[in-house]
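Chains, contacts and geometry: an overview
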Amino acid sequence: MKKIVLLGYMGSGKSTIAKILSKKIHYDYKDLDQVIEKAMGLTINEIFEQKGEVFFRKLEHQFLTELLASNENMIIGLGGGTPCFSNNNALLLADHISSIYLKTSIDKLFNRLRHSLNRPLVANKSDEELKEFIAKSLFERSYYYNQANYTVVTDDKAPDLIANEIKSLLI
Ligand code: S3P
C-alpha cells in the first residue's frame, strides 16, 4: 500500500499540509508525533522531560516502522528529526513510499518557532540561540532531508498551493 511521507524541519508545515493533502487525494493521514503521544498518554514535551530524547527516538523509530508496514494508503507527517535517527532514513527509501521534503528558509522557521512551547528542542531559547540552533541543525539534517524523492520549497506559498504542488508530483 502506498505511503506519502512529508518530512522537513520543525515548523515547515508538515502537519498542516498533510491534513490538506489528505482531503485532496482521499488518503487518511497520520502525524507521527500525535501517534506517539496517543500511544504513550504523554505529550512530546513530557516524554522528553521524563524519559529523555534517546527514549523518544526509539519510540519514533518503532511507530514509524509500524505505520510504514500498515496495510492502507496513508499520508504520514514525520517529526522534524525522524529521518535523521536510527535507520529511518533507509526505511524511507522503500519503493512503496513517496517522500517529500518541505524546504523552508531559516528566517521563516525562526519566525514560526520563536514562540513554540511544545517543541522541547527549541523552547526556552533566546532569539540569538534559536537562530543559531536552527542554522546548525538544519545544516546537519539537510543531508537526510535531501534524500527525499521530491523537494517542495514552501516559502511564501499558501498551504493549499503547496498541497496542490505535491498532488501534481504524485500523479
Ligand atoms: C523534533 C520535532 C518535533 C518532535 C520533537 C523533535 C525534532 O516534531 O518530533 O519535538 O527533532 O526536530 P515537529 O517537526 O512536528 O515539530
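Overview of the structure.

What follows concerns the nonpolar core. The tendency in soluble globular proteins is for nonpolar side chains to be buried side by side. With 33 residues, the main nonpolar core has V5, L7, Y9, L78 and L113 as its most contacted residues. Residue assignment for this core shows that the elements contributing at least two residues are strand 1 (3-7), helix 2 (32-40), helix 3 (44-51), helix 4 (53-69), strand 3 (74-77), strand 4 (97-103), helix 6 (106-113) and helix 7 (127-145). Here the element with the most residues in this core is helix 4; it accounts for six residues. In contact with L113, not counting residues within four places along its chain, are Y9, M10, G11, R119, V122, L130 and I134. Counting 14 residues, the second largest nonpolar core, distinct from the first, contains L21, Y27, I100 and I162.

As a further point, take helix 6. Within helix 6 the residues assigned to the buried category are L109, F110 and L113. The buried residues of helix 6 occupy an angular sector of 100° when projected down its axis, which confines them to one face.

What follows deals with the site of the ligand. Around the ligand, a shell composed of 13 residues is seen, among which K14, D33, R57, R119 and R141 lie nearest. In the model, an oxygen atom of the ligand is placed 2.6 Å from a nitrogen or oxygen of the R119 side chain. Here the ligand has 390 Å² of accessible area as a free molecule, and 95% of this is covered by the chains. For the shell around the ligand, a count of residues per class yields five nonpolar, three polar and five charged.

Taken as a whole, this structure holds eight salt bridges when the rule is applied. A salt bridge links D160 to K24; its shortest N-O distance comes to 3.0 Å. With D160 in helix 8 (residues 159-170) and K24 in helix 1 (residues 14-25), this residue pair connects regions lying 136 residues apart in the sequence. Given a relative accessible area of 40%, D160 falls into the partly exposed group. The shortest N-O distance in the salt bridge between E165 and K157 comes to 3.0 Å.

Parameters and conventions
- Residues numbered from 1 in each chain as written.
- Predicted model: local features only at pLDDT ≥ 70, side-chain atom pairs only at ≥ 80, totals over all residues.
- Heavy atoms only, no water.
- Core = buried A, V, L, I, M, F, W, Y, C linked by side-chain atoms within 4.5 Å.
- Buried < 20%, exposed > 50% of the residue type's maximum accessible area, 1.4 Å probe, protein only.
- Helix = DSSP H or I, 4+ residues; strand = E, 2+ residues; numbered from the N terminus.
- Contact = heavy atoms within 4.5 Å.
- Arc of directions from axis to C-beta.
- Near = heavy atom within 4 Å.
- Polar contact = N/O pair within 3.5 Å; in protein donor to acceptor, adjacent residues only side chain to side chain.
- Areas by Shrake-Rupley, 256 points an atom, 1.4 Å probe, with all protein chains shown as cover.
- Nonpolar A, V, L, I, M, F, W, Y, C, P; charged D, E, K, R; others polar.
- Salt bridge = Lys/Arg side-chain N within 4 Å of Asp/Glu carboxyl O.

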